[in-house]
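Below are the chains, spelled out letter by letter.
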Amino acid sequence: MTDATELRRRTQELLAAHPPASTGRTAFLEARFDAGLAWVHYPAGLGGLDAPRSLQAVVDAELAAAGAPDNDPRRIGIGLGMAAPTILAYGTEEQKRRFLRPLWVGQEVWCQLFSEPGAGSDLAALGTRAVRDGDTWVVNGQKVWTSSAHVARWAILIARTDPDVPKHRGITYFLCDMTDPGVEVRPLRQITGEAEFNEVFLTDVRIPDAHRLGEVGDGWKVAQTTLNNERVAIGGARIPREGGMIGTVSRTWRERPELRTHDLHQRLLDLWVDAEVARMTGERLRQQLVAGQPGPEGSGMKLAFARLNQEISGLEVELLGEEGLLYGDWTMRRPELVDFTGRDAGYRYLRSKGNSIEGGTSEVLLNIVAERVLGLPPEPRNDKDVVWKDLAR
């Protein structure tokens, strides 16, 4: 299935059998998945047709022209960008068929239970324990900075299953039901006034062994697939020229000539060029993905995304002067997604501070780029071969 003409024909057949104007949103998305037009590069029967990833644009264009609904990718981004590729790579056939369809349709929202307050940026030092009890695992611990936990049905979770080996080798990867007894989600109020992030407490949560992803003790390797895809999802999203935050500040510049100064003009030009370079680099990265899996290059894109958002939002606040000091709404909400362009400048400025923390801190990503992309010598690490239970904490 490598022919664009054939994909167009299949898409038109889908539209004829399920007209968007008279078909319910969920029913249409389910039919699209079953037709193999959800993500065409996935295997047949799992939402795809074993086609090249590049041909997804052919299907998307046909459906957009017909007014077909999408699956609200911003709302289910963690499932699409992190859980799905990991389940595809390491899941059993039963797991793939159970989870991928409702994930893509948007019937089940996913979150990510990786970061912990006691491990900092050293994810492999995590302390959440999973102890086997027959055909289940009993999990106890705490996770933090969990986006969408308050609306999620499922979570991707890594936990320590063997404390008697070095930290990277004693981790196992699980799929956790967020409605199970013992899962408690508490909001983390942010500088924006909202609480899109959460902390999650796990107390004697029982996870069936059937919901383990990959082999016992192989969780670090499985997690690398998730993390590589996460950074591409955050930093490599497709946007048009002058899309995102650079577009917002550029429109203000054009519409409000009274705010302009020579210094702000020079800074805007520099950031505009940087944003365009990042956009084109992201396009090149997506083209590379057609031939294989995402690599550490996604870390570089995520670094650029964080820096640009923070510098552009800072410029916007300065450009607006006194108006930039205003903040529209401090209401405590628990939103399902981040709206960078639909809010005011104050929100953008404050929310962008989290971009250099979420999805891997910029400091950690700089190390990844240095070692895995540039091939520089790794930093000395004295704890790599130390048994986890003997690590200083």
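The coordinates are above.
Residues numbered from 1 in each chain as written. Predicted model: local features only at pLDDT ≥ 70, side-chain atom pairs only at ≥ 80, totals over all residues. Heavy atoms only, no water.

**Student:** Can you explain the overall build of the protein chain? Please cite residues and give values.
**Tutor:** When helices and strands are tallied, the protein chain shows eleven helices and eight strands. Relative to the globule expectation of 21 Å for 393 residues, the C-alpha radius of gyration of the protein chain, 22 Å, shows essentially globular dimensions. By its C-alpha atoms, the protein chain is 70 × 60 × 45 Å across when sized along the principal axes. Counting only residues that meet the buried cut, the protein chain has 49% of its 393 residues in that class. Of the contacts formed within the protein chain by residues at least 6 apart in sequence, a portion of 71% connects residues at least 24 apart. Element-wise, carbon and sulfur atoms account for 53% of the exposed surface of the protein chain, whose accessible area totals about 18,500 Å². If the 48 positive side-chain charges of the protein chain are averaged to one point and the 55 negative ones to another, these points end up 1 Å apart. (Helix = DSSP H or I, 4+ residues; strand = E, 2+ residues; numbered from the N terminus. Rg over C-alpha atoms; globule rule 2.2 N^0.38 Å. Buried < 20%, exposed > 50% of the residue type's maximum accessible area, 1.4 Å probe, protein only. Contact = heavy atoms within 4.5 Å. Areas by Shrake-Rupley, 256 points an atom, 1.4 Å probe, with all protein chains shown as cover. Lys, Arg positive; Asp, Glu negative; His and termini not counted. Charge placed at Lys NZ, Arg CZ, Asp CG, Glu CD.)

**Student:** So, the nonpolar core: which residues are in play, and what are the values?
**Tutor:** Soluble globular proteins tend to bury their nonpolar side chains together. Counting 51 residues, the largest nonpolar core has Trp39, Trp110, Tyr173 and Met178 as the members making the most contacts within it. For Trp39, the contacting residues outside a window of four places in its chain are Phe33, Leu46, Gly47, Gly48, Gln56, Leu80, Ala84, Leu100, Leu103 and Trp104. Within the second largest apolar cluster, 17 residues are counted, among which are Met245, Ile246, Leu259 and Ala278. (Core = buried A, V, L, I, M, F, W, Y, C linked by side-chain atoms within 4.5 Å.)

**Student:** Outline the packing of aromatic side chains, listing residues and values.
**Tutor:** Using the criterion set out here, one finds nine aromatic pairs in the structure. When the centroid spacing of 6.4 Å and the interplanar angle of 45° are considered together, the rings of Phe33 and Trp104 count as tilted. Linking Phe33 in helix α2 (residues 25–34) with Trp104 in helix α5 (residues 93–105), this pair joins segments that are 71 residues apart in sequence. Given the relative accessible area of 5%, Phe33 is considered buried. (Phe/Tyr/Trp six-rings, centres within 6.5 Å; stacked < 30°, edge-to-face > 60°.)

**Student:** Could you give an account of the packing of helix α4 (residues 77–90) against α5, naming the residues involved and the relevant values?
**Tutor:** For any two helices packed against each other, one specifies the crossing angle of their axes together with the interaxial distance. Relative to each other, α4 and α5 sit at 165°, their axes nearing to 10 Å. Taken together, α4 and α5 sit at an angle that is classed as roughly antiparallel. In this structure, α4 meets α5 at a crossing whose hand is left-handed. Residue-level inspection shows Gly79, Leu80, Ala83, Ala84, Ile87, Leu88 and Tyr90 of α4 in contact with α5, the latter providing Gln95, Lys96, Phe99, Leu100, Leu103 and Trp104. In terms of residue class, the contact of α4 with α5 is made up of ten nonpolar, two polar and one charged. (Axes fitted to C-alpha atoms, helices over the stretch in contact; angles between N-to-C directions. Parallel < 35°, antiparallel > 145°, perpendicular 65-115°, else oblique. Left-handed = near helix turned anticlockwise from the far one by under 90°. Nonpolar A, V, L, I, M, F, W, Y, C, P; charged D, E, K, R; others polar.)

**Student:** Run through the pattern of salt bridges, naming residues and quoting values.
**Tutor:** Overall, the coordinates contain 36 salt bridges when judged by the stated rule. Asp122 is the partner of Lys167 in a salt bridge, and the nearest nitrogen-oxygen pair spans 2.7 Å. Taken together, the positions of Lys167 in the loop between β4 (154–160) and β5 (171–177) and Asp122 in the loop between β1 (110–113) and β2 (129–133) put the pair 45 residues apart, joining distant regions of the chain. The class for Lys167 is buried, based on a relative accessible area of 4%. Beyond isolated ion pairs, a larger network of salt bridges with shared partners links Glu6, Arg9, Arg10 and Glu13. (Salt bridge = Lys/Arg side-chain N within 4 Å of Asp/Glu carboxyl O.)

**Student:** Could you give me a rundown of a nonpolar patch on the surface, with the residues and numbers involved?
**Tutor:** A grouping of Val373, Leu374 and Leu376 is seen on the molecular surface, where their side chains present a nonpolar patch of about 270 Å² in accessible area. With respect to the secondary-structure elements, Val373 resides in helix α11 (residues 362–373). (Patch = residues over 30% accessible without salt bridge, like charges linked within 9 Å, V, L, I, M, F, W, Y side chains within 5 Å.)

**Student:** Now, about unusual backbone geometry: what can you tell me, with residues and values included?
**Tutor:** Located in the positive-phi region is Asp50, a residue other than glycine, with phi close to 60°. Along the polypeptide, Asp50 turns up in the loop between α2 and α3 (56–65). The backbone of Trp145 sits at a positive phi, close to 60°, despite the residue not being glycine. Along the polypeptide, Trp145 turns up in the loop between β3 (136–143) and β4.

**Student:** Please provide a residue-by-residue account of the side chain of Thr361, values included.
**Tutor:** The residue Thr361 is located in the loop between α10 (345–351) and α11 in this model. Residue class for Thr361 comes out buried when judged on its relative accessible area of 17%. Discounting chain neighbours no more than four positions away, the residues touching Thr361 are Ser121 and Ser356.

**Student:** Explain the state of the cysteines to me, and be specific about the residues and the numbers.
**Tutor:** The tally for this structure, following the rule as stated, stands at zero disulfides. Free of any disulfide, Cys111 has its nearest neighbouring cysteine sulfur in Cys176, separated by 7.8 Å. You can call Cys111 buried: its relative accessible area is 0%. Note on Cys176: relative accessible area 0%, which makes it buried. (Disulfide = S-S within 2.5 Å.)

**Student:** Break down α3 for me, citing the residues and quoting the values.
**Tutor:** Of the positions making up α3, those classed as buried are Gln56, Val58, Val59 and Leu63. Relative to the axis of α3, the buried residues are bounded by an arc of 165° and lie together on one face. Relative to its buried face, α3 has exposed residues pointing more than 90 degrees away, namely Ala57, Ala64 and Ala65. Structurally, α3 contributes buried residues whose contacts are with α1 (4–17) and α2. Just beyond α3, the residue with positive phi is Gly67, at close to 75°. (Arc of directions from axis to C-beta.)

**Student:** Which residues make up the environment of Met82, and what are the values?
**Tutor:** Within the element layout of this structure, Met82 appears in helix α4. With relative accessibility at 6%, the residue Met82 sits in the buried group. Taking C-alpha positions, Met82 is 5.0 Å from Thr226, a pair spaced 144 residues apart along the chain. Ignoring sequence-local partners within four residues, the contact set of Met82 consists of Gly77, Gln112, Ile156, Thr226 and Glu230.

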